[in-house]
Protein chains: 2
Amino acid sequence: MAEETRDRVKRMAAEIGFRPNALAKSLLSNRSFTIGLLTNDTYGRFTLPVMAGITEALADHGVSVFLCTIEDDPALGKVHVDAMLDKHVDGIIASGKRIDRRLPVDLSNLPVPVVYAFTEGAPDSVTFCADDFQGATLAVKRLIELGRRRIAHVTGPESFVSVRERSRAYRGLVGDAFPVLYGEWSEAWGHEAIAKLWMAPGPKPDGIFCGNDQIARAVVDGLRERGVRVPEDVSVIGFDNWEIVAAQTRPPLTTIDMNLKALGREAGLTVLALAEGHAVEPGIRTLPCELIVRQSCGGDSKL
Amino acid sequence: MAEETRDRVKRMAAEIGFRPNALAKSLLSNRSFTIGLLTNDTYGRFTLPVMAGITEALADHGVSVFLCTIEDDPALGKVHVDAMLDKHVDGIIASGKRIDRRLPVDLSNLPVPVVYAFTEGAPDSVTFCADDFQGATLAVKRLIELGRRRIAHVTGPESFVSVRERSRAYRGLVGDAFPVLYGEWSEAWGHEAIAKLWMAPGPKPDGIFCGNDQIARAVVDGLRERGVRVPEDVSVIGFDNWEIVAAQTRPPLTTIDMNLKALGREAGLTVLALAEGHAVEPGIRTLPCELIVRQSCGGDSKL
DNA sequence: CTGAAAGCGCTTACAG
DNA sequence: CTGAAAGCGCTTACAG
């Protein structure tokens, strides 16, 4: 075949928009350039950022991702996992809405690599999660740096490891002058907690670290309703950086971002490496959180 | 081959967990049992319910779905569409965050069927969207049935068709005693609107229909802060049924649900039908909204 | 009714 | 260096 012919063929192929059939390729290469994201987070609060990170990392590798939302239904889970295996995904990323619960499906002994992100993984697997302790430390330290000396902690149910980690960080920095207030992940609980705190005798807190943004929002609202100024009288910091809540609070919440997108990116890259046969050390990888400064804590944002 | 042998083979196949390679199957059948969901709704507010509907309708047909979030980046859009076509998806569902904007990618003349859900479609395509006019009618009628006679409408930017449709429905039922207040889709605007309404001379509204739940939340908060009781003095109804906002408002919001999940289900079924070669009438299919009664409008919930 | 062959669209390894 | 063949894992159509 002459140079010229070869060129002509190539040109025509490009012109005509020839695209090789990825399915046929996969049949040979054992690589489908497809991965599955399995989650029970129907609301997408945690899974969407993770998903965004995965896509960001893998889109230009030509990898597409199947999103499978399985609620808490083992049967649905099996259906989705089987469908993914039949389609020969290169790997699976399991995700969820809390780091101390497993998805209702058995992902061990699959013929493809599995990586866990923001959900509890199998013992010898690779698991990514946010560093709750470090994130909480960031928040409480900021309150201390702002000169706050009576810092309270209003948070979610003690059954969550995240809650325990965060309050452990709080305790370490603040001691036990104030009780940690455990409750629901709701605004109702935030209001209740503020009522408790302000009805108690003795000096009131001048800083409140909240277990999530919903609680923080209610705390800020509750304070305003009592005529207490935020951030002048009391500094409030939340957790999650859930835009819809944090940005709409009056004043907008300073809060902790878990960097879920970075987490997704790492998980994506890792599952790809595994799929390509690279060895990856198993274990729990903890990614740092970040302080997002808005207006609910006051002070110089460059502190 | 004896009956017995055939049985034994089948049994062994099941035992050993034999699963046919879907990729190989696809090569022959021209069906990959895979569809793509393309969206620019990074937050997932609208796309996630649509996605849930699609999955619900198609999971037991063995169809998996690629989720592709393309922000507003045409280049990214093309990358994803090409990746999907290479993988021979059976069809594509385009979705978005408003019904009068197109995705930044050309989906005409693709070799696979395309269906639009909650985004503007190509002229001769199948498009699904919620019935804004009917939804707004539901809300305003409810306010009227509750005996409200001075009903105001606080909503988003007039540039949205949804906004214009909803206010057209409002106008039709209420007349023009009150101006329609157009603004941002934010709580800040809700507060501002209440300030305007309550500073104006003359009788105050006794019912407020809001363009979305964020505005409604702020309206309820603003009213409470002015000592106006909701729902005793003023009935408020929102739009969207965005759980995180509607359920946490004090009192929780009565609101309109666009039935996005049903929309996703229809879109999924339709794209599948097209993939199977069935003819589908092009055009815009409008799905009805639903009134979700909580406590912000008062009255008998069975009205 | 059973069993072997041809073919889906590619890539890899091998013979000329 | 070029070109034909074999094969990935299936299904379909055809010959015995």
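Here the residue numbers are simple positions, counted from 1 along each chain's written sequence. All chains are assigned letters beginning at A, and all ligands numbers beginning at 1, according to the order in which they are written. For a predicted model such as this one, the threshold for reporting local features is a pLDDT of at least 70, and the threshold for listing and counting side-chain atom pairs is 80 or more; totals across whole chains, interfaces and linings nevertheless cover every residue. Only heavy atoms go into the side-chain values, all of them from the structure, while hydrogens and water stay out.

- By the naming in an unreviewed UniProt entry, chain A is LacI family transcriptional regulator, taken from Rhizobium lusitanum.

### Digging into the packing of helix α7 (residues 187–199) of chain A against helix α8 (residues 213–225) of chain A
All names here are of chain A.
At step 1: Under this scheme, a helix contributes an axis fitted over its contacting stretch, all axes are lines through C-alpha atoms, and angles between N-to-C directions fall in the 0 to 180 degree range. Helix numbering and strand numbering both begin at the N terminus, where a helix is a DSSP run of H or I of at least 4 residues and a strand a DSSP run of E of at least 2. Two numbers describe how α7 lies on α8: the axes approach to 7 Å, and their chain directions differ by 45°. Comparing their axes, α8 and α7 come out oblique. For the element pair α7 and α8, the recorded crossing hand is right-handed. Facing α7, whose interface residues are E187, W189, G190, H191, I194 and W198, α8 presents Q214, I215, R217, A218, V219, D221, G222, L223 and E225.
At step 2: Its residues placed into classes, the contact of α7 with α8 shows seven nonpolar, four polar and four charged. Here roughly perpendicular refers to angles of 65 to 115 degrees, roughly parallel to angles under 35, roughly antiparallel to angles over 145, and oblique to all remaining angles. Left-handed is the label given to a crossing in which the near helix is rotated counterclockwise from the far helix by less than a right angle, and right-handed is the label when the rotation is clockwise. In what follows, residue pairs with any heavy atoms lying within 4.5 Å of each other are defined as contacts. Here the nonpolar group is Ala, Val, Leu, Ile, Met, Phe, Trp, Tyr, Cys and Pro; Asp, Glu, Lys and Arg are the charged ones; every other residue, Gly included, is treated as polar.

### Looking at the interface of chain B and chain A
At step 1: The partner chain A presents 46 residues to the 46 residues of chain B that form the contact.
At step 2: For the pair chain B and chain A, the summed buried area comes to about 4000 Å², and 55% of that belongs to carbon and sulfur atoms.
At step 3: In what follows, salt bridge is the name for a side-chain nitrogen of Lys or Arg lying within 4 Å of a carboxyl oxygen of Asp or Glu. Where chain B meets chain A, there are ten salt bridges.
At step 4: D86 of chain A is the salt-bridge partner of R19 of chain B, the closest N and O atoms lying 2.7 Å from each other.
At step 5: Residues adjacent in sequence count toward polar contacts only when both atoms are side-chain atoms; beyond that, a polar contact is any pair of N or O atoms within 3.5 Å, and within protein one must be able to donate a hydrogen and the other to accept it. The interface formed by chain B and chain A holds 28 residue pairs in polar contact (both at pLDDT 80 or more) in total.
At step 6: Among the elements of the structure, α2 (22–29), α3 (47–58), β2 (64–69), α4 (74–86), α7 (187–199), α8 (213–225) and α9 (243–246) of chain B are those that each provide at least two residues to the side of chain B that touches chain A.
At step 7: Residue composition of the side of chain B that touches chain A, grouped by class: 20 nonpolar, 15 polar and eleven charged. Values labelled buried area give the accessible surface lost by two parts on being combined, using a 1.4 Å probe and summing over both.

### Some details on the packing of aromatic side chains
At step 1: Only the six-membered ring of Trp is used, alongside the rings of Phe and Tyr, when aromatic pairs are assigned; centres must lie within 6.5 Å, and planes under 30 degrees apart are stacked while those over 60 apart are edge-to-face, with the rest tilted. Inspection of every chain in the model, using the stated rule, returns nine aromatic pairs over all chains.
At step 2: With a centroid separation of 5.5 Å and an interplanar angle of 90°, the aromatic rings of F160 of chain A and W185 of chain A are classed as edge-to-face. On the criterion of sequence distance, the pair formed by F160 of chain A in the loop between β6 (151–155) and α6 (161–174) and W185 of chain A in the loop between β7 (180–182) and α7 is long-range, its members being 25 residues apart.
At step 3: Look at F209 of chain A and F239 of chain A: their rings are 6.3 Å apart centre to centre, the planes differ by 50°, and that puts the pair in the tilted class. One end of the pair, F209 of chain A, is in strand β8 (residues 207–210); the other, F239 of chain A, is in the loop between β9 (235–237) and α9 (243–246), and 30 residues separate them in sequence.
At step 4: Type-normalised accessible area, obtained with a 1.4 Å probe on protein chains alone, sets the label of each residue: buried when under 20%, exposed when over 50%, and partly exposed for intermediate values. Taking the relative accessible area as the measure of exposure, F239 of chain A reaches 0% and is therefore buried.
At step 5: Placement of a positive charge over a ring is assigned whenever Lys NZ or Arg CZ falls within 6 Å of the ring centre and within 35 degrees of the normal to the ring plane. In this structure, R98 of chain B is placed above the aromatic ring of F160 of chain B, and the distance from its NZ or CZ to the ring centre is 3.5 Å.

### Regarding the relation of the copies chain B and chain A
At step 1: Least squares is the method used to superpose the copies, on C-alpha atoms of residues holding a pLDDT of at least 70 in both. Once turned by 180° and shifted 0.0 Å along the axis, chain B lies on chain A with an RMSD of 0.0 Å. In symmetry terms, the pair is related by a two-fold rotation axis. Within chain B, the C-alpha atom positioned nearest to the axis of rotation is that of F66 of chain B, 2.2 Å from it.
At step 2: In this assembly, 100% of the residues forming the interface of chain B have copies in chain A that are likewise at the interface, indicating an isologous arrangement.

### Digging into helix α4 (residues 74–86) of chain A
At step 1: With 13 residues, α4 of chain A extends 18 Å from end C-alpha to end C-alpha; this agrees with the ideal 18 Å at 1.5 Å per step.
At step 2: Listed as buried for α4 of chain A are G77, H80, V81, D82, A83, M84, L85 and D86 of chain A.
At step 3: Those residues of α4 of chain A that are buried lie in contact with β1 (34–39), β2 (64–69) and β3 (91–95) of chain A together with α2, α3 and β2 of chain B.
At step 4: Structurally, the start of α4 of chain A carries an N-cap: the backbone nitrogen of A75 of chain A is 2.9 Å from a side-chain oxygen of D73 of chain A.
At step 5: Looking at the residues trailing α4 of chain A, positive phi occurs at H88 of chain A, about 55°. The length a helix should cover is 1.5 Å for every residue beyond the first.

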